[in-house]
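Observations on chain architecture
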Number of protein chains: 2
Amino acid sequence: MPSRRADPVTVEVVELIGDVVARYHMEYEEAAARHQLTGAQAKVLNLLSLEPLPMRRIAQKLRCEPSNVTGIIDRLETRGLVERRPDPADRRVKLAAPTEEGVETAERLRESLDFAREPLAGLSEEERTSLRDLLRRMLA
Amino acid sequence: MPSRRADPVTVEVVELIGDVVARYHMEYEEAAARHQLTGAQAKVLNLLSLEPLPMRRIAQKLRCEPSNVTGIIDRLETRGLVERRPDPADRRVKLAAPTEEGVETAERLRESLDFAREPLAGLSEEERTSLRDLLRRMLA
DNA sequence: TATTGTTATACTCTATAACTATA
DNA sequence: TATAGTTATAGAGTATAACAATA
C-alpha cells in the first residue's frame, strides 16, 4: 500500500466525503435529539424496529463491547421504548424488542432523517443512478 | 417539506451514504488509535497543524462548548503534542499550537487516513470527476 | 468449560453553570 | 459590562475485568 501522491480530483473527493460525513452526523444527532434520544440510542432503536435482537447481536452491530449495550438498553427501557424478553430457546439470552411506542418513535425518527433525500432531489434520475453506481463501486 | 415517498434509487443512495459514513468513521478512529489518540484529539491536532487557534475557535470548528476544548487540549498538552501560547494582541486569549512532535504526528496521521483514496483508485479519472461533481451538487 | 448478560471501574466527550482575568 | 478560558458537575458512551446464570 505505497502512499503515492493523490491527484487533485481524488483529494477533492476525499474532502467532499468528509463534508458528507460531517453533515450526515450533524443531521442524525439533531433528528435523534428532536425525540430526546442520543445518536446511539436512536441507532439501536432503529435496529430493533426491524427485528428484536439479543444483547450480544446489538453489540456486534454497533461494533462495541456487550457491556455498553446494557446501559443503552437500560435507558431506552426506562423511557418505555424497549423491553427485554426471554429467549425461549436459550435462557441465557435476553431479546431486546421495541414497545409499541418504540416502534412509533422509530418510524417518526426515520421520517425526519431527510438527509440526502432532499439534497438528492436536485439531481435527475439519471444522475442519482450514476451516483449510486459510483458509491457502490467505491464501497465494493 | 412534504415527506413524499422516495424512489428506490434515492433510498439506495441514502443507504450507501450511510455505509460510507460508517466506514469513514471506523477508519478514522482506527487511524487515530494507532497513534494513541481519540478521534476528537486527532481532529483537533489536525486542525492545529494547519494553524494555531484560540480555544474559542477550536470549539467553533468542533461545534462543541468551549469548556470541552480545555480537556482535549489538556490531554494533548500532557502528551507533549500541543502547547498553549499567549496571544500578544489579547491577554485573555490562549493560542493552541502543535509542538514539533505534534506536527509530525499530524503528518503521519494524515498519511494513514487512506480512506477513499485507495477505494477511489478503482475508479477512472473520468469517474472520479463525475463523482466529485455529483457530491458537490449534493452538498450545495 | 464456554457463553450470555451484567456489574464495577475508569476514561473521554459532552453540556450547563459559575468563576477569573482580562477587555 | 462583555468576552476568553477555566473549573465543577453531571450524563452518556466506551473498554476492561470479574461475576452469576445457563449451556
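Up top is the structure these notes are about.
The residue numbers shown here count from 1 along each chain, following its written sequence. Both sets of labels track the order of writing: A upward for chains, 1 upward for ligands. It should be noted that, the model being predicted, local features are given only for residues of pLDDT at least 70 and side-chain atom pairs only at 80 or more, the latter also being counted only at that level, while totals for whole chains, interfaces and linings use all residues. Each side-chain value is derived from all of the structure's non-hydrogen atoms; neither hydrogens nor water enter the calculation.

**Considering the sheet that holds strand β2 (residues 82-86) of chain A**
Residue and element names in this part refer to chain A. For two strands to pair, DSSP has to find at least two bridges joining them. Strands are runs of DSSP state E lasting at least 2 residues, helices are runs of H or I lasting at least 4, and numbering of each runs from the N terminus. Sheet architecture is open: three strands sit in the order β1-β3-β2, paired in antiparallel fashion. With one partner strand each, in any of the chains shown, β1 (53-54) and β2 form the two edges of the open sheet. Relative to strand β3 (residues 94-98), β1 is paired through two bridges, and the arrangement is antiparallel. Residue Pro54 lies in a different strand from β3, and its bridge partner there is Leu95.

**Thoughts on the relation of the copies chain B and chain A**
The two chain copies are connected by a rotation around an axis plus a translation along it. You can overlay chain B on chain A at an RMSD of 0.1 Å; the transform is a turn of 180° with a shift of 0.1 Å along its axis. Here the transformation between the copies is reduced to the relation of a two-fold axis. Closest to the rotation axis within chain B is the C-alpha of Val21 of chain B, separated from it by 2.6 Å. Any pair of residues with heavy atoms lying within 4.5 Å of one another is described as a contacting pair. Counting the interface residues of chain B, we find that 100% of their copies in chain A are interface residues as well, pointing to one common contact surface. Copies overlap after least-squares fitting; the atoms used are the C-alpha atoms of residues with pLDDT of at least 70 in both.

**Things to note about the interface of chain B and chain A**
Interface extent is often summarised as the accessible area lost during association of the parts. Listed by partner, the interface residues are 43 residues for chain B and 44 residues for chain A. Buried surface at the junction of chain B and chain A, summed over both partners, amounts to about 4500 Å²; 72% is from carbon and sulfur atoms. Note on definitions: salt bridges are taken to be side-chain nitrogens of Lys or Arg within 4 Å of carboxyl oxygens of Asp or Glu. Linking chain B with chain A are seven salt bridges, by the criterion used here. With a shortest N-O distance of 2.7 Å, Arg136 of chain A and Glu12 of chain B are connected by a salt bridge. Two N or O atoms form a polar contact when they lie within 3.5 Å of each other; inside protein one atom must be a possible hydrogen donor and the other a possible acceptor, and for residues adjacent in sequence the pair counts only when both atoms belong to side chains. Applying the counting rule to chain B against chain A returns eight residue pairs in polar contact (both at pLDDT 80 or more). Counting residues per element, the ones that place at least two in the side of chain B that touches chain A are α1 (8-34) and α6 (125-139) of chain B. Sorting elements by how many residues they give to the side of chain B that touches chain A places α1 of chain B first, with 15 residues. Gly counts as polar in this scheme, as do all residues outside two lists: the nonpolar Ala, Val, Leu, Ile, Met, Phe, Trp, Tyr, Cys and Pro, and the charged Asp, Glu, Lys and Arg. Partitioned by chemical class, the residues of the side of chain B that touches chain A number 22 nonpolar, seven polar and 14 charged. By buried area we mean the combined loss of accessible area, with a 1.4 Å probe, across both parts when two parts are placed together.

**A look at the protein's contact with DNA strand C**
Any residue with a heavy atom lying within 4 Å of a molecule or strand is counted as near it. Lining the immediate environment of DNA strand C, one finds 22 residues, of which Arg84 of chain A together with Thr38, Ser67, Asn68 and Arg75 of chain B sit closest. The sugar-phosphate portion of DNA strand C accounts for 67% of its atoms within 4 Å of the protein, the bases making up the rest. For the surface near DNA strand C, the elements supplying multiple residues, two or more each, are α3 (55-62) and α4 (66-78) of chain A together with α2 (39-50), α4 (66-78) and β3 (90-98) of chain B. In terms of residue count, the dominant contributor to the surface near DNA strand C is α4 of chain B (four residues). Across the surface near DNA strand C, the residue classes tally to seven nonpolar, six polar and nine charged.

**A look at the protein's contact with DNA strand D**
With respect to spatial proximity, 22 residues lie near DNA strand D, and among them Thr38, Ser67 and Arg75 of chain A together with Arg56 and Arg84 of chain B are the closest. In this structure, a phosphate oxygen belonging to DNA strand D sits 2.8 Å away from a main-chain N or O atom of Glu65 of chain A. Top contributing element to the surface near DNA strand D by residue count: α4 of chain A, with four residues. Broken down by class, the residue content of the surface near DNA strand D amounts to seven nonpolar, six polar and nine charged.

**Looking at α2 of chain B**
One full turn of an α-helix is made of 3.6 residues, so residues set three or four places apart face in the same direction. Over its twelve residues, α2 of chain B extends 17 Å from the first C-alpha to the last, a length consistent with the 16 Å expected when each residue adds 1.5 Å. Those residues of α2 of chain B not exposed but buried are Gly39, Gln41, Ala42, Val44, Leu45, Leu47 and Leu48 of chain B. Here the expected span of a helix is defined as 1.5 Å times the quantity of residues minus one. Summary of the burial criterion: residues with accessible area below 20% of their type's maximum are buried, those above 50% are exposed, and those between are partly exposed, where the area comes from a 1.4 Å probe applied to protein chains only.

**A word on the pattern of salt bridges**
Counted under the stated rule, the structure contains 23 salt bridges over all chains. We note a salt bridge from Arg84 of chain A to Asp74 of chain A, for which the minimum N-O separation is 2.1 Å. Of this pair, Arg84 of chain A sits in strand β2 while Asp74 of chain A sits in helix α4, and the two are ten residues apart along the sequence. Residue class for Asp74 of chain A comes out partly exposed when judged on its relative accessible area of 34%. Several salt bridges share partner residues, and in doing so they unite Glu12 of chain A together with Arg132, Asp133 and Arg136 of chain B into one network.

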